[in-house]
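Chain and residue survey
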Amino acid sequence: MVFPEWFAAFKQVELWPGLRMAVLSGYKGQVGFAQVAEETFVPEHAHEGQWGVVLEGEVEFTIGGEKRVFRKGDYYHIPAGVLHSARLAAGTAFIDVWENERFPL
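Residues numbered from 1 in each chain as written. Predicted model: local features only at pLDDT ≥ 70, side-chain atom pairs only at ≥ 80, totals over all residues. Heavy atoms only, no water.

Concerning the sheet that holds strand S4 (residues 40-45)
If you walk across this open sheet you meet the four strands as S4-S9-S6-S7, and the pairing is antiparallel. At either end of the open sheet lies a strand with only one pairing partner, and these are S4 and strand S7 (66-71). Taken pair by pair, the neighbouring strands of this sheet meet at an average axis angle of 15°, ignoring direction. Bridging between strand S6 (residues 58-63) and S7 involves six bridges; their strand directions are antiparallel. If you follow Ile63 over to S7, its bridge partner there is Glu66. (Pairing = 2+ DSSP bridges. Helix = DSSP H or I, 4+ residues; strand = E, 2+ residues; numbered from the N terminus. Axes fitted to C-alpha atoms, helices over the stretch in contact; angles between N-to-C directions.)

In structure tokens:
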């Protein structure tokens, strides 16, 4: 476990099947902390801006039609409205930050 046990007290959100996150919401954005047990696929979608950093494992993103692999220590930025999808390797842990003008998760 990459995150401390007390993170379990944060609001838990299932964004996609197999992808649960501890989420903290604030004014105009959220921060999510996730660790996936098994390989997980996130289908293509778009939303407001997203930034993240990989803590363990590997994330293969397709962002705006371009495929890139991110590993421990790599960070990524997905501009608002850009289509993207992801494959998360088993054991991957990451932190995501989302811009959200409308409402928190």
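Structural notes on the layout of surface pockets
Vacant regions in the atomic arrangement are exposed by a probe of water-molecule size rolled over the atoms. Looking at the second largest pocket, its volume works out to about 190 Å³. Along the wall of the second largest pocket there are 13 residues; nearest its centre are Met1, Phe3, Gln12, Ala22 and Phe33. Contributing elements (two or more residues each) for the lining of the second largest pocket: strand S2 (19-26) and strand S3 (29-35). (1 Å grid on protein atoms, 1.4 Å probe; cavity = no way out; pocket = protein on both sides within 12 Å on 5 of 7 lines; lining within 4 Å. Points joined across faces, edges and corners; volume = space filled by probe spheres on them.)

Description of the pairing of S2
Bridge count for strand S1 (residues 11-16) against S2 is five bridges, and the pairing is antiparallel. Looking at the pairing, Trp16 lines up with Leu19 of S2. Once S1 ends, the chain turns through two residues before running back antiparallel as S2, passing Gly18 with a positive phi of about 90°. Relative to S3, S2 runs antiparallel, the two being bridged by six bridges. By the bridge assignment for S3, Ser25 is matched with Gln30. Counted between consecutive antiparallel strands, the loop separating S2 from S3 contains two residues, among which Lys28 sits at a positive phi close to 65°.

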